Amino acid sequence: MDFDLNERQAELVRAAEEVAERKLIPMLDAADTPEGVNGLRRTMAEQGLLGLNLPEELGGMGVPLLDTLLVTRALQKAAPLLGGIAHRSSTGAVGAVAEYGTQAQKEAFVIPSCKGEIGISIGITEPDAGSAATAMKTSAKVEGDEVVLNGSKQFVSFVNNNHYTLVYCRFGTTGRPGDIGAVIVPHDAPGFSHSEGTLNMADELLFELYFDECRVPKENVLVDGGAFGKLISVYNAERLGSISRMIGSAEAAYEMALGYAKERKQFNRELADFQGIQWMLADMRVKLDAAALLTWRAAATAVKTGLPSPTETSIAKVFTAKAAKEVCDDAIQIMGANGYTKEYPLVHRYAEVRGGSIYGGTMQIHKNMIAGAILERSSSQWKRS
Ligand SMILES: Cc1cc2nc3c(=O)[nH]c(=O)nc-3n(C[C@H](O)[C@H](O)[C@H](O)COP(=O)(O)OP(=O)(O)OC[C@H]3O[C@@H](n4cnc5c(N)ncnc54)[C@H](O)[C@@H]3O)c2cc1C
C-alpha cells in the first residue's frame, strides 16, 4: 500500500491545474450559455481532460479511475464548472455507454463525448420515484425501427448544456426492477421536451423532462430491461466522480479560510494564532484527508474488480457528504461576515456540496445500503403488501 501519488498521477494533476489556470478559467465568463459551455468542453478535450478513464480506442485517455478522480478534484477546486464537465465526460452517463453499448453506440456517443462535441445527462428521478428509483413509470416500447417513450423525469442536471439524456425507463409491465433498461434520447427527438429549469440552492438549473410518444431510433436502446443492477454498478463510478467534486470544493474552501486566518488580525494577532481557529483548521484537514482516503480506496478497489464496490462507494459518500458540508461551514465561520457574503465563493461552495447529501442516492439511502452489507441482509425498503 502506497499513499503517495505516482509520477503519472502527480503529472496529470499538475497539468490539469496549469491548464485550468492558464486556459480554462479565462473562458468561464463566456460559459453561461450553451455555446460557451460547448467551447469550454472542446478546449478541455484538446487539453486531454475529457474521457479520462475511458478507453483510448474510444477517444479517452485510458487512465485508471483513481487518476480520473484526482484530476476531477483538481479541476473542481479550480472552478465547479470545470469539475462538472470533466466528471460528466468520464465518470458520467457516458460511462454506461462505454461499458454496455454496442460498437455503433460507442462510436456515436462515447467518441464525440471524449472530443467535447456532445454532453450526456442522466435521467433517473421521477415525481413518484426519488429514493425509490425502481418505482419509475417512464415506459419504453419498441415499434418497428423505433422505441417510443412516455412519461417524465425531474431534477435532471445540465440538460440545457447537453445534447442527450440517458433515460432509465421501463421496457416491461411487471412493475419490477427487471423491467428497467435505458435509452439514449437526443434532445431534439420528436415528443421530447423539457422545462425551463428550476434554480437550486447553488444557482444551478434542474430540469423536468417530458416524453410524449417520444420517438427515438431503436439503435439508441442501451439496455432493454433486466439491467437496473448493471446500470447502478456503473453509476457507482459516477457517484465517486461527484464525491471527488465535493472534496475539491471543500479543499478550495479550506485553503481560502487558511489563507484568510493567516492574514486577518483581531486583538492585534492573526486569527491563526487563536487555538479555537487552529482546532477548526485541524478538524477540517482531518476530514478532508479521511474523505479522500475513503474515496481513493473505493477507486483503487475498482482496478481489481472492474467497477467500484457498492459498499465502499456508499461509505465514501456518507463520510464525504457530511465532511464537505462541515468543512465549508467552518470555512465560512473562520472568514466571519466576509465568508457569509457572496463576494467570496464560500457560500456557493457550501451550497454546491450541500446537494451531495441528496443527489446520487441520499445519505440515508447509502446508510441503509451500508447497514444491509454489515448485517448481510437485503437493504430493500419496500413495504411488503
Ligand atoms: C443537485 C442535484 C442534482 C440532481 N441531478 C439529478 C440528475 O441529473 N438526474 C436525476 O435523475 N436526478 C437528479 N437529482 C435527483 C436526486 O437523485 C433525487 O433528489 C434523490 O434521489 C432523492 O429523491 P427525492 O428528492 O425525491 O427525495 P425523497 O426520496 O422523497 O426523500 C426525501 C427524504 O426522505 C428520506 N428517505 C427516503 N426513503 C428513505 C428510507 N428508505 N430510509 C430513510 N430515509 C429515507 C431521504 O433520504 C430524504 O431525506 C438531483 C438532485 C440534486 C439535489
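The structure this text deals with has already been given above.
So, here is what we can say about the structure in this document. Just so we're clear, the structure is a prediction, and the values are computed from it rather than from any experiment.

By volume, the second largest pocket amounts to about 600 Å³. Together, 21 residues line the second largest pocket, and Asp-2, Phe-3, Leu-66, Trp-296 and Ala-300 are the ones closest to its centre. Going through the elements one at a time, helix H3 (65-78) and helix H8 (275-305) are the ones with two or more residues in the lining of the second largest pocket. Tallying contributions element by element places H8 first for the lining of the second largest pocket, with nine residues. Taken together, the residues that form the lining of the second largest pocket break down as eleven nonpolar, three polar and seven charged. Both of domain 1 (7-114) and domain 3 (229-375) provide at least three residues apiece to the lining of the second largest pocket.

The next subject is the packing of helix H2 (residues 34-46) against helix H4 (residues 80-90). Here H2 crosses H4 at 65 degrees, and the two axes come no closer than 11 Å. Classified by the angle their axes make, H2 and H4 are roughly perpendicular. In the packing of H2 onto H4, the handedness of the crossing is right-handed. Here Val-37, Leu-40, Arg-41 and Met-44 of H2 come into contact with H4, specifically with Leu-81, Leu-82, Ile-85 and Ala-86. The residue inventory of the contact of H2 with H4, partitioned by class, reads seven nonpolar, no polar and one charged.

Attention now moves to the site of the ligand. In the region of the ligand, 19 residues are neighbours, and Thr-125, Ser-131, Phe-155, Thr-362 and Gln-364 sit closest. The contact in question runs from an oxygen atom of the ligand to an N or O atom on the backbone of Ile-124, over 2.8 Å. In this structure, a nitrogen atom belonging to the ligand sits 3.0 Å away from a main-chain N or O atom of Phe-155. Computed on the free molecule, the ligand has an accessible area of 970 Å², of which 66% lies beneath the protein chains in the complex. When the residues that make up the shell around the ligand are grouped by side-chain class, the tally is eight nonpolar, eleven polar and no charged. Shared between two domains, the shell around the ligand takes at least three residues from each, and those domains are domain 2 (120-225) and domain 3 (229-375).

Conventions and cut-offs
Residues numbered from 1 in each chain as written. Predicted model: local features only at pLDDT ≥ 70, side-chain atom pairs only at ≥ 80, totals over all residues. Heavy atoms only, no water. 1 Å grid on protein atoms, 1.4 Å probe; cavity = no way out; pocket = protein on both sides within 12 Å on 5 of 7 lines; lining within 4 Å. Points joined across faces, edges and corners; volume = space filled by probe spheres on them. Helix = DSSP H or I, 4+ residues; strand = E, 2+ residues; numbered from the N terminus. Nonpolar A, V, L, I, M, F, W, Y, C, P; charged D, E, K, R; others polar. Domains from an automatic or database assignment. Axes fitted to C-alpha atoms, helices over the stretch in contact; angles between N-to-C directions. Parallel < 35°, antiparallel > 145°, perpendicular 65-115°, else oblique. Left-handed = near helix turned anticlockwise from the far one by under 90°. Contact = heavy atoms within 4.5 Å. Near = heavy atom within 4 Å. Polar contact = N/O pair within 3.5 Å; in protein donor to acceptor, adjacent residues only side chain to side chain. Areas by Shrake-Rupley, 256 points an atom, 1.4 Å probe, with all protein chains shown as cover.

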